[in-house]
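In case you want the letters, here they are:
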Amino acid sequence: MNLLLRVFPGISSAWMILALLGALALWGWTRGGLADSDRKTTACMLLFAVGMLCWRLSGQASMAALVPMEGTGNADELWYIFTADWLRTHSLAAAFPSDPAYPLSAAAGVNLGLLPRIGAESLLVLFSGISGMPLEQVYPVLFALGAVLFGFAASQGFLQEARNDWKFLALALLAVALSPVALFIYGNENFATMWGLVFLAGYYWNVQQALADGGGRGNMLAAGIFLGALLATYPELLAIAGPASVLLYLQVAVRKRALSLSSIHILVLCAVVAAFAAPFAALATIKVLATGASAAQGPNVIFPTLFADMTPANLLLTLLAFDTKVMALRLGGSGVLLGGIVLAAALLFAPRRVWLGTGALALACLPVFAMFWRSHYGYGGMKAIEFMALPVATLLGAAAGSAAPALRALAMRASPGAGPSGRAVLRHGAHGVCIALALLVLGTISFERWREFRQHGAQAHFSAELRELGAARAALPPGAVLLVGPELGKHSFLFSRWVAYVLRDVPLVFPPELHNGGYIYRLEADYDARRETVTHVLKARSGEGALSNVAIWHNAAFEIVPADRIPFRLGEGFHGHEDWGRWMAASARIELRGDCARTLKIHVGRRFEPIKGEDALIVSAGDVSARFPLNNGQGEISFTIPAGASHVELRSAAGGLSPASVGASDDRVLSYGLEKIGVEPCARP
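First things first, this report covers the structure right here in the doc. Quick caveat, the model's predicted, so the values are computed rather than measured.

Let us look at the overall build of the protein. When you go through the protein residue by residue, the secondary structure sums to 25 helices and 15 strands. Against the globule reference of 26 Å for 685 residues, the protein gives a C-alpha radius of gyration of 29 Å, in line with a compact fold. In terms of its C-alpha atoms, the protein occupies a principal-axis envelope of roughly 95 × 60 × 45 Å. Within the span of the protein, comprising 685 residues, buried residues form 52% of the whole.

Tallying each qualifying case throughout the model produces 5 cavities of 30 Å³ or more. Every residue lining the largest cavity is counted, 16 residues in all, and those nearest its centre are Gln60, Met69, Tyr186, Glu189 and Trp450. For the lining of the largest cavity, the per-class residue count stands at 8 nonpolar, 4 polar and 4 charged. Roughly 60 Å³ of volume is contained in the second largest cavity. Taken together, Ala175, Val176, Ser179, Pro180, Val181, Leu320, Ala389, Val392, Ala393, Leu396 and Leu442 make up the full set of residues lining the second largest cavity. Of all the elements in the fold, those that place two or more residues in the lining of the second largest cavity are α9 (166-177), α10 (180-187) and α20 (378-401). The element that contributes the greatest number of residues to the lining of the second largest cavity is α20, accounting for 4 residues. Broken down by class, the residue content of the lining of the second largest cavity amounts to 10 nonpolar, 1 polar and no charged.

Before going further, it helps to examine the state of the cysteines. Should the sulfur atoms of two cysteines be covalently bonded, the bond is a disulfide. Taken as a whole and judged by the stated rule, the model has 1 disulfide. Across a sulfur-sulfur distance of 2.0 Å, Cys596 and Cys682 are joined as a disulfide pair. Judged by the sign of its S-S torsion, about -95 degrees, the cystine formed by Cys596 and Cys682 is left-handed. Taken together, the residues Cys596 in the loop between β9 (587-592) and β10 (598-607) and Cys682 in the segment after β15 (672-679) connect sequence positions 86 residues apart. Residue Cys682 is classed as buried on the basis of its relative accessible area of 15%. With no disulfide of its own, Cys270 has Cys365 as its nearest cysteine by sulfur position, at a separation of 19 Å. Among the residues examined, Cys365 registers a relative accessible area of 1% and is labelled buried.

Attention now moves to the sheet that holds strand β1 (residues 482-484). Through backbone hydrogen bonds, the strands of a sheet pair up, either in parallel or in antiparallel fashion. Strand order across the open sheet formed by 5 strands is β2-β1-β3-β5-β4, with mixed pairing between neighbours. Each edge of the open sheet carries a strand with a single partner, namely β2 (508-509) and β4 (553-554). Relative to β2, β1 is paired through 2 bridges, and the arrangement is parallel. Along β2, the bridge assignment pairs Leu482 with Leu508.

The terminal C-alpha atoms of α9, which comprises 12 residues, lie 16 Å apart, in line with the 16 Å expected from a rise of 1.5 Å per residue. Regarding α9, the residues found buried are Phe168, Leu169, Ala172, Leu173, Ala175, Val176 and Ala177.

So, on to the packing of helix α11 (residues 191-213) against helix α14 (residues 261-277). Orientation of α11 relative to α14, taken along the N-to-C sense of each, is 145 degrees, at an axis distance of 10 Å. When you trace α11 past α14, the crossing you get is right-handed. Counted together, Tyr203, Val207, Ala210 and Leu211 of α11 and Ser263, Ile266, Leu267 and Cys270 of α14 form the full contact between these two elements. Residue composition of the contact of α11 with α14, by class: 7 nonpolar, 1 polar and no charged.

Taken together, the side chains of Leu261, Ile264, Val268, Val272 and Phe276 make up a nonpolar region of the molecular surface, amounting to roughly 490 Å² of accessible area. In this fold, Ile264 is placed in helix α14. The class for Ile264 is partly exposed, based on a relative accessible area of 37%.

Contact geometry for α10 and α20: axes closest at 8 Å, N-to-C directions at 125 degrees. For the element pair α10 / α20, the angle class is oblique. Crossing angle aside, the handedness with which α10 passes α20 is left-handed. Contact residues: α10 offers Val181, Ala182, Phe184 and Ile185, while α20 offers Met382, Ile385, Glu386 and Ala389. Here the residues of the contact of α10 with α20 sort into 7 nonpolar, no polar and 1 charged.

Take the pairing of strand β3 (residues 536-540) next. Successive side chains on a regular strand alternate, one facing one side of the sheet and the next facing the other. Of all 5 residues that make up β3, 5 are buried, and the element is covered over most of its length. Where β1 and β3 come together, 3 bridges link them in parallel fashion. The residue of β3 that forms the bridge with Leu483 is Val537. Pairing between β3 and strand β5 (residues 558-562): 5 bridges, direction antiparallel. When the sheet's bridge partners are listed, His536 is paired in β5 with Pro562.

Reading the values: rules and limits
- Residues numbered from 1 in each chain as written.
- Predicted model: local features only at pLDDT ≥ 70, side-chain atom pairs only at ≥ 80, totals over all residues.
- Heavy atoms only, no water.
- Helix = DSSP H or I, 4+ residues; strand = E, 2+ residues; numbered from the N terminus.
- Rg over C-alpha atoms; globule rule 2.2 N^0.38 Å.
- Buried < 20%, exposed > 50% of the residue type's maximum accessible area, 1.4 Å probe, protein only.
- 1 Å grid on protein atoms, 1.4 Å probe; cavity = no way out; pocket = protein on both sides within 12 Å on 5 of 7 lines; lining within 4 Å.
- Points joined across faces, edges and corners; volume = space filled by probe spheres on them.
- Nonpolar A, V, L, I, M, F, W, Y, C, P; charged D, E, K, R; others polar.
- Disulfide = S-S within 2.5 Å.
- Pairing = 2+ DSSP bridges.
- Expected span 1.5 Å × (residues − 1).
- Axes fitted to C-alpha atoms, helices over the stretch in contact; angles between N-to-C directions.
- Left-handed = near helix turned anticlockwise from the far one by under 90°.
- Contact = heavy atoms within 4.5 Å.
- Patch = residues over 30% accessible without salt bridge, like charges linked within 9 Å, V, L, I, M, F, W, Y side chains within 5 Å.
- Areas by Shrake-Rupley, 256 points an atom, 1.4 Å probe, with all protein chains shown as cover.
- Salt bridge = Lys/Arg side-chain N within 4 Å of Asp/Glu carboxyl O.
- Parallel < 35°, antiparallel > 145°, perpendicular 65-115°, else oblique.

Given below as structure tokens:
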């Protein structure tokens, strides 16, 4: 796919790949396919796959909408979908446009210029092209499928122990399914990371087998192909794959008590296969790694306190579950230490063969984490913990699975006849108790994490109202230019990006509040000149602006209003819009359009807490003034604007205060947070 996209559009490439996969499947069928598995083992694997798909897609099922849902506030689904949208109908050889009025068309060019890896996007194009489903519907399904394959990839490390023991496999897959870090990857929209870990596992287990066997064309070929997929999808994982390969080589050397030239040949051949499988990705890897290194030297704004908050008490739980909050809430401060100890102790029960097989992968992750810890780069630390999720899932799965033989031994002891010794009973009992506690810790953290993801995603998703915006094109007159209002609801930034996706062929202007944040770019280019051409405004139906009776189109959440019917604009003293509304300074001005008498309505939602003194807002227009007492910074204001007034003044009775004056970094002066401002428009003459 990576090669085909250099020449052909995505949809054409998808059908070529489908034909190739069909031919390979037919060849595999004639060769005998996979070895038969017993029914219980097959049932375990099928139950795991179906259960994971249902769990991961339960949020979409509850909304009856197959759309992307955010779990943490990170909106990286936009990156993958917007880039894939371009690749569906263009090859990489096509020129990328750069028109700020049509930001979606330029998104792929910027994204691929920064990080020229297209493996994840190619998967979206492939499945969308074959199924005919839109990208936004393919994305959650493919992400959930990646979560299933992550579980199967982790299980490759203990399949030999699980052979002919379905109880081992059932417990092992349960532990893998409950991985809190794998769940975080899903909720944090790290789509490429999930698939990159799947490909990393494919490379690691195959190259390990090739080295152990002293060759093996099938394993070398598979390892090379998986390595190529890794380069195309998430080449940052080379920081793990490279050291892990060296450690595997050293393992072979120790076992054979001699350095092996043939093992070096195997690693080199795998790299050659990878270069042939994804030659352009191999070249782009240098650019991706350079971009990542540059970002690591930049501001530490994502998980900025990760390392500052690290203590000996929470280190284990942070590394193994990327959580300290849940256990602290359930059991207090000691719960964090206890949870980490339980999980670390459970790892010790993994069979020795699994430890030896997974050790190189686990050890390769630690220097990456240490490197970012040294530089206190929180985002890098988070990624390193995500990378560790693969070996940790394998080891915890194997440890949980090995509890099955221990429980059988205890059952033999309880039954009449010969059984294990008393010491063995204690060992098996400790094993069973530790695994039960570990599963309880994993399940508790994952359940709470999923509950938070569902709660956030119920609002932060590609809603039906956003999808309905496509119908607004018919209501816009020819030549219309649409201003995307700074407030579009609780998640204005996310919604504004989906607006660019839905209204891709409508000239759009974004206000300064929405210029930053990424996913669409150059929104500030020629802003003042383009702002003057605006004919209509898209806004939240319940937020700032005109009333719905002047809208030319609306649905339950949004409306489009002619620009000349917007009855006011916000002047000095108002800060930028946030998801809930906007702050005003100690005073602020509302500039009015028209000079008729009308009513101003304001919903005040909060007051900057450090402010002391009278809790009231003073509203003035012309020679009319009124004082509105508030209750803990909350209340409704209804003020009659006299005829002839050109503006309205708002003033906090107790003044304002800067967060910087009380120890924070924000130097804005704040007083009240206004969630809704409404002014009736004057009647047309």
